[in-house]
Number of protein chains: 2
Amino acid sequence: MNKNNMSRIEPKTLKGFRDFLPKETRKRQYVIDALRKVFESYGFEPLETPALEYAEILEGKYGEEGERFMYKFEDKGDRKVALRYDQTVPLARVVSQYSNDLPLPFKRYQISNVWRGENPQAGRFREFLQCDIDTVGTNSLLADAEIIACAAKGLKALGFSKFKVLINDRKVFSGLIEDNNKLPAIVRAIDKLKKNGREKVIDEIVSAGIEKGLAGEILQALETQKPTENINRLFGYLKTLGISEGNFEFAPFLARGLDYYTSTIFEIEIEGYDAGSVCGGGRYDSLIGMFANRTIPAVGCAFGFDRLIEAMDSLNLFPADLTTARVLVTVFSKELFEKSFKVASTLREKGINTEIYLDEQAKMDRQLKYADQKDISYVVIIGPKEAGTGSVTLKNMRTGEQKTVPLEQLGEAVKQ
Amino acid sequence: MNKNNMSRIEPKTLKGFRDFLPKETRKRQYVIDALRKVFESYGFEPLETPALEYAEILEGKYGEEGERFMYKFEDKGDRKVALRYDQTVPLARVVSQYSNDLPLPFKRYQISNVWRGENPQAGRFREFLQCDIDTVGTNSLLADAEIIACAAKGLKALGFSKFKVLINDRKVFSGLIEDNNKLPAIVRAIDKLKKNGREKVIDEIVSAGIEKGLAGEILQALETQKPTENINRLFGYLKTLGISEGNFEFAPFLARGLDYYTSTIFEIEIEGYDAGSVCGGGRYDSLIGMFANRTIPAVGCAFGFDRLIEAMDSLNLFPADLTTARVLVTVFSKELFEKSFKVASTLREKGINTEIYLDEQAKMDRQLKYADQKDISYVVIIGPKEAGTGSVTLKNMRTGEQKTVPLEQLGEAVKQ
């Protein structure tokens, strides 16, 4: 590396791309770790796919938006390549490419970034984390129930209690009109009922080529729609899987815009967080087989990671002491720094994340200020008096309280 | 998404890019989790930077190789962008861009992919994980010691016991010749002593413009080189930090090719693994300030992630039961699947990762085969007899042993 003429380059990130400084990254890690644990408790297995794929693997899979927003370029070997746009098409590729190594059903989770060159706006980014679970290779309704139960348990693990899984069956819609070609447009219109209101939805159905009277009837039919047998069975499974009845309900207007869902669809909304659903998914039986050239049923869901973080922030669900180091061991003097080193090592061995101040000559004030800036809960001071008596001074940075603690009790004192 | 004409597209990955199926990903996660835990125990904080940067941020920082191997392209807004090539230049950008929010010393770790369009060969990939710790903003030798101690503890946490941290001080070299301009070429030559042998190294020093006699003297001087005062102090710190003397040594020929190191340098080699060092780093005091236009001292190191995995594989250090689900609860019949669901939920609540077989109609044989294919340790069977007596049949898939266990003892039985 050389640094000629570096001075003129302004340090900045691309629009829609973000640095996550430690405070933010810790929150993200907290959520990822909690979700991973729940996913794995259900036996979902981790999968990693490359950031770059042959463009032809991704092209033509994401509609007109995908063509516009996909990051595509030619590499130095003149290959047309594209950055991962979602985690479902790579999953379809994997299922087909390694069919001999992956016993079905294949239950996998993937948590990785995707890239979309959308126009950045509130809550939209060009690089963002996706967090998916999918079960591939079975059309059992048990799999649908498990995906929903696992998603609900994930939210519980994060501390959400008041949430609702809205559930519908795409098949409800196919009984609504005779001409199934018009169905996708109608479904897309219904999907926006909550956002656009009844009038606008009827207008949109009309512009899909349905006469106004029929459009009204369609909405009415949905209003009086009873849960299908499928949905009733699904609800039974959910209860057996330990999901409270208060946490899910039949939602006949739920449509989910994407064309590829074939049966069960669901979205999860959180009470007190109105920016939209934090998780959505369903059954999509004709997508995963696209590279394998046969039908491979699948059901899955994706968490909106940025929304999860936002919802947790607004409902105050992050632990108050989500800092990396719990303790800063200060260094009193050049003569005494070895004592500090040893105390720090002992705390670490007890599983307590511990920083040592990395300068034997820094004033105590400066060391305390550093602990404060970094939200470290406890500061340990070992001066000549403490060193002589086998004790330390322990300062609680939250309360300001300061006390002398025998060395052997220090671990317990900072764990409380 | 639509799947028109999908059938002709062959599912494949780009050369130098890898899918990690669950078995491999679990190993990777195991290593990442263990290292993260150690890094955080020392107070290193997590940082995330974008995969894409303005090209000018990265250009000119990685020498001629960097220009050749960097993935660069124009995005749809005609911005010149580049994929992350390492984690150090982004760190330099971050330190300068957020100088008000990051109290120094800033100790961070970053574990993320980087992309380099090298010609793929054994052990070289175009997408690979980097795993860095760095301490920025202090020139205290304590920081050097802490980086080395933390790296050593990381290896211990992974189960490595016989490893050696080879340590040198770049300043040793500057006393060797008068013309310091020739030093980088000499250092690069010495760095290859182990690989190329004495003869070739002397030839290379000669072609850097040093006469043969002097080249020999340089090597001799290094052979009799005593540890500098700096290195002796560093060794003292390492001992205080709990690193055994057997795990580190003075290595006067260690040079590390990169020009930017300014003082302490080190590499870690593992006994029984000969493909190269698994970790390397040192002090580099004139790099991190490049965007801030001032000198910001720094010391850090990077683990070679793929080599770590390889070394762990070859030394058999991964836990034998590194599977996602520990138990498969089978489904005996449509009438009894609720019992199976409940048992699975109970096991999960006890912290045991548990899969349920997702088909009420599958034959028991097929379910057992599935557990076997997925390396699941235990299978639980709940037939009419078991259901009637509040017990389950527990089959150990490793030993083949099968026994009846009362429901309330099942958790304990599979934890053993």
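Here is what the cut-offs are and how they apply
- Residues numbered from 1 in each chain as written.
- Chains lettered and ligands numbered in written order.
- Predicted model: local features only at pLDDT ≥ 70, side-chain atom pairs only at ≥ 80, totals over all residues.
- Heavy atoms only, no water.
- Least-squares fit on C-alpha atoms with pLDDT ≥ 70 in both.
- Contact = heavy atoms within 4.5 Å.
- Axes fitted to C-alpha atoms, helices over the stretch in contact; angles between N-to-C directions.
- Helix = DSSP H or I, 4+ residues; strand = E, 2+ residues; numbered from the N terminus.
- Left-handed = near helix turned anticlockwise from the far one by under 90°.
- Nonpolar A, V, L, I, M, F, W, Y, C, P; charged D, E, K, R; others polar.
- Pairing = 2+ DSSP bridges.
- Phe/Tyr/Trp six-rings, centres within 6.5 Å; stacked < 30°, edge-to-face > 60°.
- Buried < 20%, exposed > 50% of the residue type's maximum accessible area, 1.4 Å probe, protein only.
- Lys NZ or Arg CZ within 6 Å of the ring centre and 35° of its normal.
- Buried area = accessible area lost by both parts, 1.4 Å probe.
- Salt bridge = Lys/Arg side-chain N within 4 Å of Asp/Glu carboxyl O.
- Polar contact = N/O pair within 3.5 Å; in protein donor to acceptor, adjacent residues only side chain to side chain.
- Core = buried A, V, L, I, M, F, W, Y, C linked by side-chain atoms within 4.5 Å.
- Domains from an automatic or database assignment.
- pLDDT = per-residue confidence, 0-100.

A. View of the relation of the copies chain B and chain A. Placing chain B over chain A gives an RMSD of 0.0 Å and needs a rotation angle of 180°, together with 0.0 Å of translation along the axis. Taken together, the turn and the small shift mark the pair as related by a two-fold rotation axis. Within chain B, B:Phe73 has its C-alpha nearest the rotation axis, a separation of 3.2 Å. The fraction of interface residues of chain B whose copies in chain A are also interface residues reaches 99%, indicating that both copies meet through the same surface.

B. Looking closely at the packing of helix α1 (residues 22–41) of chain A against helix α5 (residues 141–157) of chain A. Residues and elements named next belong to chain A. At a closest axis distance of 9 Å, the pairing of α1 and α5 adopts a crossing angle of 145°. Like other packed secondary-structure pairs, α1 and α5 cross with a definite hand, here right-handed. Taking contact as the criterion, the partners of Leu35, Val38 and Phe39 in α1 are, on α5, Cys150, Lys153, Gly154 and Ala157. Of the residues in the contact of α1 with α5, the class split is 5 nonpolar, 1 polar and 1 charged.

C. Structural detail: the sheet that holds strand β11 (residues 298–304) of chain A. Residues and elements named next belong to chain A. Read from one edge to the other, the open sheet built from 8 strands follows the order β1-β5-β6-β11-β10-β9-β7-β8, with strand pairing classed as mixed. Edge positions in the open sheet fall to β1 (45–46) and β8 (248–250), since each of these has one partner strand only. Strands β5 (106–115) and β6 (127–136) of the sheet are contacted by helix α4 (residues 88–97), whose axis makes an angle of about 45° with β6. Against the sheet, helix α11 (residues 305–314) makes contact with β6 and β11, and its axis sits at roughly 50° relative to β11, the strand it touches most.

D. Expanded view of the packing of aromatic side chains. Within the structure shown, the criterion is met by 27 aromatic pairs over all chains. Relative to A:Tyr85, the ring of A:Tyr62 lies with its centre 4.5 Å away and its plane at 45°, an arrangement referred to as tilted. Note that A:Tyr62 is positioned in the loop between α2 (55–58) and α3 (63–69) and A:Tyr85 in the loop between β4 (80–83) and α4, a separation of 23 residues in sequence. Residue classification places A:Tyr62 among the buried positions, given a relative accessible area of 11%. Site record: aromatic cluster; members linked through ring pairs are A:Phe17, A:Tyr71, A:Phe73, B:Phe17, B:Tyr71 and B:Phe73. A cation sits over an aromatic face here: A:Arg348 above B:Tyr42, 3.8 Å from the ring centre. The cationic tip of B:Arg28 hangs over the ring face of B:Phe20; the distance from NZ or CZ to the ring centre is 3.7 Å.

E. A look at unusual backbone geometry. With an omega dihedral of -5°, the bond running from A:Leu104 to A:Pro105 counts as a cis peptide bond. As for its placement among the helices and strands, A:Pro105 is situated in the loop between α4 and β5. Here the phi dihedral of A:Asn293 falls at roughly 65°; this positive angle occurs in a residue that is not glycine. Locating A:Asn293 in the fold gives a position in the loop between β10 (279–283) and β11. A positive phi angle, near 55°, is found at B:Asp375, a position not held by glycine. Relative to the assigned elements, B:Asp375 resides in the loop between α13 (364–373) and β14 (378–381).

F. Structural detail: the pairing of strand β6 (residues 127–136) of chain B. All names here are of chain B. With 10 of 10 residues buried, β6 lies mostly within the body of the structure. Of the two faces of β6, the one holding Glu127, Leu129, Cys131, Ile133 and Thr135 and the one holding Phe128, Gln130, Asp132, Asp134 and Val136 are both buried throughout. Alignment of strand β5 (residues 106–115) against β6, held across 10 bridges, turns out to be antiparallel. Considered in β6, the bridge of Asn113 is made with Leu129.

G. Summary view of the interface of chain B and chain A. On the chain A side, the residues contacting the 110 residues of chain B number 110 residues. Between chain B and chain A the total buried area reaches about 10,000 Å² when both faces are included, carbon and sulfur atoms providing 60% of it. Applying the counting rule to chain B against chain A returns 16 salt bridges. B:Lys107 is paired through a salt bridge with A:Glu355; the nearest N and O atoms lie 3.7 Å apart. Our count for the contact surface shared by chain B and chain A stands at 38 residue pairs in polar contact (both at pLDDT 80 or more).

H. Region of interest: the nonpolar core. Counting 86 residues, the largest nonpolar core has A:Leu52, A:Ile288, B:Leu52 and B:Ile288 as the members making the most contacts within it. Among all residues touching A:Leu52, those that are not within four sequence positions of it are A:Phe73, A:Val81, A:Ala82, A:Leu83, B:Leu14, B:Phe17, B:Tyr71 and B:Leu83.

I. Region of the structure containing the domain arrangement of chain A. Structurally, chain A comprises domain 1 (22–314) and domain 2 (327–415). Taking the mean C-alpha position of each, domain 1 of chain A and domain 2 of chain A sit 49 Å from one another.

J. Structural view of the confidence of the model for chain A. Residue and element names in this part refer to chain A. Mean pLDDT for chain A: 92, with 98% of residues reaching 70 or above. Low confidence marks residues 1–6, where pLDDT is under 50. Its contacts with residues over four positions away, or in another chain, come to 13 contacts. If you check the scores for this complex, the pTM reads 0.93 and the ipTM reads 0.93.

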